[in-house]
Amino acid sequence: MKETKYIWKNGVFIPWKKAVTHVLTHALNYGTGIFEGLRCYPSAKGGLIFRLNDHVKRFFHSGKLLGMNFNFSQRQFAQAIKRTVVKNNVFDVYIRPLGFYGYQKIGPNPADSPVEIIIACIPLKDYLKSDFIKVKLASIRRIPPSSAFTNSKMTGMYYNSALASMEAWKSGFDEAIVLDENGYVAEGAAENIFMVKKGIVFTPPADNVLGGITRGTLFELFKDLGIKCVQKRITIKELSSADEAFFTGTAVEVHFIGWIGAKKIKKDNPVTRKIAQYYGKVMRGKIPKYKRWVTRV
Ligand code: PMP
């Protein structure tokens, strides 16, 4: 991981190397953390943060589900994120807000533990290495919504993504896809998934997966481009015989999928290419209609 200079912690900036915590931190033992991932893109003057307020809103939503009380407002937190980017003076970064229950006592109930909040900026180039990635179907299933708040970002749930990714990487794949508890395609380890068949785009409904901010952005952009997008359950057979398939996420943006297991997906990808290019312009503040999604720092 490439370092930047400062990390915001509970309202103050501390040097990157000093942002450490005790080994008996509650979240480290029991997965009681929440997080976000935002992107800041460089521009001629400073940086552009994409959908800042929506990420802050989701951070507070995740925190509320985990019983966390913050002593700042969403507006103040958005301000802190902007200040962290400016303080580090690096504008091509992935921004990681993290909230976690800290050090107090042993046992799964974190109620007495302090809530610690940090914001870090991490230079990030090409989260996924190749253009046409190979994805492997994970042998484990997504944690079902009956067992966790799947539409939030809690650190504990990500052991499921970690297992799926490790399995994929061990077999020489770039990323994993997981099925939901009923055997339908759910999402990637940290991405939403879409497929294209005869010009129509399909994606699973967000009842079993994270309703990603990029996913939501694309729903708006499809309308502009006159592309029909349908939310429906997708089988692995349908996905493997799709004309195109792609991942979406803050880190991966819109990313072509080249292989589903041993099955090669066609390479021309006209629909994915069109949406990826349009999304690229939107997040860099180049489409006036969507400038409201872009915050200058
Ligand atoms: N699904 C999961 C499990 C994720 O971790 C992410 C990344 N946040 C996504 C989907 C994509 O969400 P977003 O577009 O909000 O980054």
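Coordinates for the structure precede this section.
Remember, it's a predicted structure, so these values are computed and weren't measured experimentally.

**Focus: unusual backbone geometry**
So, step 1. Despite not being glycine, Asn10 has its phi angle at roughly 45 degrees, a positive value.
So, step 2. Mapped onto the elements, Asn10 comes out in the loop between β1 (6–9) and β2 (12–15).
So, step 3. Take Asn10: its relative accessible area is 40%, and that puts it in the partly exposed class.
So, step 4. Of note, Glu253 is a non-glycine position whose phi angle comes to about 60 degrees, a positive value.

**Description of the nonpolar core**
So, step 1. Counting 29 residues, the largest nonpolar core has Ile49, Phe70, Phe77, Ile81 and Ile95 as the members making the most contacts within it.
So, step 2. When contributions to this core are tallied by element, the ones reaching two or more residues are β4 (38–42), α2 (52–65), α3 (74–88), β6 (93–101) and β7 (115–123).
So, step 3. Setting aside chain neighbours within four positions, we find Ile81 in contact with Leu38, Ile49, Leu52, Val56, Ile95, Pro97 and Ile119.
So, step 4. Val196, Leu221, Tyr279 and Val294 belong to the second largest nonpolar core, which has 23 residues in total.

**Section: the packing of helix α5 (residues 213–225) against helix α7 (residues 270–283)**
Two quantities define a packed helix pair, namely the angle between the helix axes and the distance between the axes.
So, step 1. Following both chains from N to C, one finds α5 and α7 inclined at 110 degrees, their axes separated by 10 Å at the closest point. Judged on the interaxial angle alone, α7 and α5 are roughly perpendicular. Across from Thr214, Thr217, Leu218, Leu221, Phe222, Asp224 and Leu225 in α5, the residues of α7 making contact are Lys274, Ile275, Tyr278, Tyr279 and Val282.
So, step 2. For the contact of α5 with α7, the class distribution of residues is eight nonpolar, two polar and two charged.

**Overview of α2**
Two residues of an α-helix separated by three or four positions point the same way, owing to the 3.6 residues in each turn.
So, step 1. The end-to-end C-alpha separation of α2 is 20 Å, in line with the 20 Å expected for 14 residues at 1.5 Å each.
So, step 2. When α2 is considered as a whole, its buried residues turn out to be Leu52, His55, Val56, Arg58, Phe59, Phe60, Ser62 and Gly63.
So, step 3. Just past α2, the residue Gly67 takes up positive phi, approximately 70 degrees.

**Observations concerning the pairing of β2**
So, step 1. Bridge count between β1 and β2: four bridges; the pairing is antiparallel. Within the sheet, the bridge partner assigned to Lys9 lies in β2 and is Val12.
So, step 2. In this structure, the hairpin formed by β1 and β2 is closed by a connection of two residues, where Asn10 is found at a positive phi of approximately 45 degrees.

**A short note on the environment of Lys223**
So, step 1. Among the structural elements, Lys223 can be located in helix α5.
So, step 2. Taking C-alpha positions, Lys223 is 33 Å from Val85, a pair spaced 138 residues apart along the chain.

**With respect to the side chain of Asp180**
So, step 1. Inspection of the secondary structure assignment puts Asp180 in the loop between β9 (175–179) and β10 (185–188).
So, step 2. Summary of buried charges: Asp180 has no salt-bridge partner, and the nearest side chain of opposite charge, Arg233, is 4.6 Å away.
So, step 3. Engagement of the side chain of Asp180 in a polar contact is seen with the side chain of Asn208, the distance being 2.8 Å.

**Things to note about the site of the ligand**
So, step 1. The full set close to the ligand counts 16 residues, and Lys153, Tyr158, Glu187, Thr214 and Thr250 are the nearest of them.
So, step 2. In this structure, Thr250 approaches the ligand through a side-chain N or O atom, which is 2.6 Å from an oxygen atom.
So, step 3. Burial of the ligand by the protein amounts to 94% of the accessible area it has alone, namely 380 Å².
So, step 4. Looking at the shell around the ligand, the elements with two or more residues in it are α5 and β14 (244–249).
So, step 5. Split into classes, the residues belonging to the shell around the ligand amount to five nonpolar, six polar and five charged.

**Let's talk about the packing of α2 against α3**
So, step 1. Relative to each other, α2 and α3 sit at 120 degrees, their axes nearing to 10 Å. Here α2 lies oblique to α3, going by the angle between them. Both α2 and α3 take part in a crossing whose hand is right-handed. In contact with Leu52, Asn53, Val56, Lys57, Phe59 and Phe60 of α2, α3 contributes Gln74, Phe77, Ala78, Ile81 and Lys82.
So, step 2. Looking at the contact of α2 with α3 residue by residue, the class counts come to seven nonpolar, two polar and two charged.

**Quick notes on helix α4 (residues 158–170)**
So, step 1. Compared with an ideal rise of 1.5 Å per residue, which puts 13 residues at 18 Å, α4 spans 18 Å between its outermost C-alpha atoms and is within 8% of the ideal.
So, step 2. All buried positions along α4 are accounted for by Asn160, Ser161, Ala164, Ser165 and Ala168. For α4, the arc enclosing every buried residue in end-on projection is 125 degrees, short of the 170-degree limit, so these residues lie on one face. What points out from α4, more than 90 degrees from its buried face, is the exposed set Tyr159, Trp169 and Lys170.

Reading the values: the criteria
- Residues numbered from 1 in each chain as written.
- Predicted model: local features only at pLDDT ≥ 70, side-chain atom pairs only at ≥ 80, totals over all residues.
- Heavy atoms only, no water.
- Helix = DSSP H or I, 4+ residues; strand = E, 2+ residues; numbered from the N terminus.
- Buried < 20%, exposed > 50% of the residue type's maximum accessible area, 1.4 Å probe, protein only.
- Core = buried A, V, L, I, M, F, W, Y, C linked by side-chain atoms within 4.5 Å.
- Contact = heavy atoms within 4.5 Å.
- Axes fitted to C-alpha atoms, helices over the stretch in contact; angles between N-to-C directions.
- Parallel < 35°, antiparallel > 145°, perpendicular 65-115°, else oblique.
- Nonpolar A, V, L, I, M, F, W, Y, C, P; charged D, E, K, R; others polar.
- Expected span 1.5 Å × (residues − 1).
- Pairing = 2+ DSSP bridges.
- Lys, Arg positive; Asp, Glu negative; His and termini not counted.
- Salt bridge = Lys/Arg side-chain N within 4 Å of Asp/Glu carboxyl O.
- Polar contact = N/O pair within 3.5 Å; in protein donor to acceptor, adjacent residues only side chain to side chain.
- Near = heavy atom within 4 Å.
- Areas by Shrake-Rupley, 256 points an atom, 1.4 Å probe, with all protein chains shown as cover.
- Left-handed = near helix turned anticlockwise from the far one by under 90°.
- Arc of directions from axis to C-beta.

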